[in-house]
Amino acid sequence: MDNLTVIVLAAGGGTRMKSKTMKVLHPVGGRSMIGHVLSAVQATAPSRIVAVVGHQREQVGPHIQQLVPDAVLAVQETQDGTGHAVRVACEAADVREGTVVVAAGDTPLLDGQSLREFVADHTASGRAVSILTGIVPEPKGYGRIVRDRTGDVVAIVEEKDADDEQRGIHEINSGILAFDAAFLTDALGRIGNDNASGEYYLTDTVQIARDAGLRVGAYIVDDVRQTEGANDRAQLAELGRELNRRIVTRWMKDGVTVMDPATTWIDADVVLEPDVTILPGTQLLGATVVREDAVVGPDCTLKDCEIGLGARVVRTHGELAVIGDRATVGPYAHLRPGTRLGVEGKIGGFVETKNAAIGDRAKVPHLSYVGDAEIGEGANIGAGTIFANYDGVAKHRTVVGRQARTGSNNTFIAPVSIGDGASTGGGAVVREDVPPGALAVSAGSQRNIEGWVVSRRSGTPQAEAAQGGVVDGDADTGVS
């Protein structure tokens, strides 16, 4: 497809979204709507992509160029119709030859393969204009495709202008068109705006081509839903559900087990390997990667995470975390950015981690916070441990050595180091480095102050219970 220019229309205001965010930037399936369109467009290997921007172009333009750095931005200062938008685009990119495809920026289901087939059909036919169309059971609200006896397109008739016979046509205009560039650049100067809206309509090029004796045709796409746009948030949500259904179905066909597709959400850029199992209530977002034989779920939300071979992640919220092969996480774990868990490591129930490197076969099994830390291979962190990494001004790091064993309810006051093979006693508050192989304790001997509750909490339920306990104790020893 040599010398192919694709124009993406993204200048409209999208007022029905009722949002400060430009319509085409609204996210669906892990990308912006226009991000999905640009991905499909790039599948045609175009010579250039031209994006027409207008409303909120300070938002839209940088986003487009972040996704497609060499995209040409054409500014439509006033939104005077699709014909005007395409004219602005052709002038900005100096389009004169080849093929031009025009697509809308709010069709997130658009598929690159369908677009390639449409362009190939257009170029092979030698038509001046080609229209991507679809057959729908209920065409109400769409422009109808009127053909002659040879199958060429005579006109695109909007519903409000259609007669009874034309309203019975089920072939509709998707809004995606392909043109011979030389014809298009000439025709754009002939389009008028003598209509109720005072706008220049790109579809007027059909009549211009017919009047010139040039061929106008249509390519019927099997899956017409991929050309649907979203004008409000209800439509966006519906397209999101359909996009997710398609993504989940594709992964199941590629060898992934999804136990409950209805409660599973997978973003477009997620990568899953064969024999992964996804349990109900799971969301895999962003650029998450899940390796072979891993099991994720139920009830997990993972964004931009990497899950290793055969790992198991249960009821966990994670972002920008890496889980090693055959490691286990959860339930009710919170993996914050910078978490790295080694091979066969463990992050257990009610554990929160942040900026923490936990080594191979190291374990943080229960009820702990691990922040700004490095835990060595094979170490075990006792239940209820707090890595106190913040002194009120700066963050500091804690290092726990290989095969170290720390007691329950420890607090490590960073910066501090626990050496290889060292241990800490239960309830220890560790403020100083612990040498390799040493035992660190910080609590003194236990001391019981008899009668303290009765004397200091007199009249309370606690004191009454304490007094009853003394009486009961006396009765047990035979004292009356």
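Remember, it's a predicted structure, so these values are computed and weren't measured experimentally.

## Examining the overall build of the protein
Helix and strand counts for the protein stand at 10 helices and 38 strands. The C-alpha radius of gyration of the protein comes to 33 Å, more than 25% above the 23 Å expected for a compact globule of 480 residues. Taking the principal axes of its C-alpha atoms as reference, the protein extends roughly 115 × 50 × 45 Å. Residue burial in the protein is summarised as follows: out of 480 residues, 45% are buried. Long-range contacts, defined as pairs at least 24 residues apart, comprise 40% of the intrachain contacts of the protein with a sequence gap of at least 6. Both charge centroids of the protein, one from 46 positive and one from 62 negative side chains, sit 3 Å from each other.

## A short note on the pairing of strand 4 (residues 48-53)
When you tally the buried positions in strand 4, you get 5 out of 6 residues, the bulk of the element. Looking at chain direction, strand 1 (residues 4-10) and strand 4 are connected through 6 bridges and run parallel. When the sheet's bridge partners are listed, Val8 is paired in strand 4 with Ala51. Note that the unit made of strand 4, helix 2 (residues 57-67) and strand 5 (residues 72-75) has a crossover that is right-handed.

## Notes on the sheet that holds strand 29 (residues 363-366)
If you trace the 7 strands from one edge of the open sheet to the other, you get 12-15-18-21-24-27-29, paired in parallel fashion. A strand with exactly one partner marks an edge of an open sheet, and here the two such strands are strand 12 (257-258) and strand 29. In this structure, strand 18 (residues 295-296) lies alongside strand 21 (residues 312-313), joined through 2 bridges in parallel fashion. Along strand 21, the bridge assignment pairs Val295 with Arg312.

## Remarks on helix 1 (residues 33-42)
Residues spaced three or four apart along an α-helix face the same direction, because each turn holds 3.6 residues. Of all 10 residues making up helix 1, 8 are buried, and the element is well covered by its neighbours. Along helix 1, the residues that are buried comprise Met33, Ile34, Gly35, His36, Val37, Leu38, Ala40 and Val41.

## Quick look at the sheet that holds strand 38 (residues 439-440)
In space, the 3 strands of this open sheet follow the order 33-36-38, with parallel pairing throughout. Because the sheet does not close on itself, it has two edges, and the strands there are strand 33 (405-406) and strand 38. Across 2 bridges, the pairing between strand 36 (residues 423-424) and strand 38 is parallel. Bridge assignment links Ser423 to a residue of strand 38, and that residue is Leu439.

## Some points on the side chain of His122
Assignment of secondary structure puts His122 in helix 4 (residues 112-125). Among the polar contacts made by the side chain of His122, one reaches the side chain of Ser130 at a distance of 2.7 Å. In contact with His122, other than residues within four places in its own chain, are Thr99, Arg127, Ala128, Val129, Ser130, Ala178, Phe179 and Asp180.

## Observations regarding the confidence of the model for the protein
With 98% of its residues at a pLDDT of 70 or more, the protein shows a mean pLDDT of 94. Note that residues 471-480 has pLDDT below 50 and, in this model, 1 contact with residues that lie over four places away or in other chains.

## Some points on the pattern of salt bridges
All told, the structure shown has 26 salt bridges when counted by the stated rule. A salt bridge links Glu238 to Arg225; the nearest nitrogen and oxygen atoms lie 3.9 Å apart. Of the two residues, Glu238 sits in helix 8 (residues 233-253) while Arg225 sits in the loop between strand 11 (216-220) and helix 8, which places them 13 residues apart along the sequence. The class of Glu238 is partly exposed, set by a relative accessible area of 34%. Taking relative accessible area as the criterion, Arg225 reaches 24% and is therefore assigned partly exposed. One salt bridge connects Asp420 with Arg402, and the closest N-O pair in it is separated by 3.5 Å. Taken together, the positions of Asp420 in the loop between strand 35 (416-418) and strand 36 and Arg402 in the loop between strand 32 (398-400) and strand 33 put the pair 18 residues apart, joining distant regions of the chain.

## A short note on the nonpolar core
The biggest cluster of nonpolar side chains holds 58 residues, and the ones touching the most others in it are Ile307 and Ile375. Every element with two or more residues in this core is listed here: helix 8, strand 25 (333-335), strand 28 (352-358), strand 30 (369-375) and strand 35. Top contributing element to this core by residue count: helix 8, with 6 residues. If we skip the residues at most four places from it in the chain, Ile307 touches Val289, Val290, Arg291, Ala294, Leu302, Val313 and Ile323. The next biggest cluster of nonpolar side chains, apart from the first, holds 34 residues, and it includes Val95, Val153, Leu184 and Ala218.

## A closer look at the packing of helix 1 against helix 2
As a packed pair, helix 1 and helix 2 sit with axes 11 Å apart at the nearest point and diverge in direction by 40°. With respect to each other, helix 1 and helix 2 are oriented oblique. Along this stretch, helix 1 crosses helix 2, giving a crossing that reads as right-handed. For the pair formed by helix 1 and helix 2, the contact residues are Ile34, Gly35, Leu38 and Gln42 on the first element and His63, Ile64 and Leu67 on the second. For the contact of helix 1 with helix 2, the class distribution of residues is 4 nonpolar, 3 polar and no charged.

Criteria and cut-off values
Residues numbered from 1 in each chain as written. Predicted model: local features only at pLDDT ≥ 70, side-chain atom pairs only at ≥ 80, totals over all residues. Heavy atoms only, no water. Helix = DSSP H or I, 4+ residues; strand = E, 2+ residues; numbered from the N terminus. Rg over C-alpha atoms; globule rule 2.2 N^0.38 Å. Buried < 20%, exposed > 50% of the residue type's maximum accessible area, 1.4 Å probe, protein only. Contact = heavy atoms within 4.5 Å. Lys, Arg positive; Asp, Glu negative; His and termini not counted. Charge placed at Lys NZ, Arg CZ, Asp CG, Glu CD. Pairing = 2+ DSSP bridges. Right-handed = clockwise from strand over helix to strand, strands pointing away. Polar contact = N/O pair within 3.5 Å; in protein donor to acceptor, adjacent residues only side chain to side chain. pLDDT = per-residue confidence, 0-100. Salt bridge = Lys/Arg side-chain N within 4 Å of Asp/Glu carboxyl O. Core = buried A, V, L, I, M, F, W, Y, C linked by side-chain atoms within 4.5 Å. Axes fitted to C-alpha atoms, helices over the stretch in contact; angles between N-to-C directions. Parallel < 35°, antiparallel > 145°, perpendicular 65-115°, else oblique. Left-handed = near helix turned anticlockwise from the far one by under 90°. Nonpolar A, V, L, I, M, F, W, Y, C, P; charged D, E, K, R; others polar.

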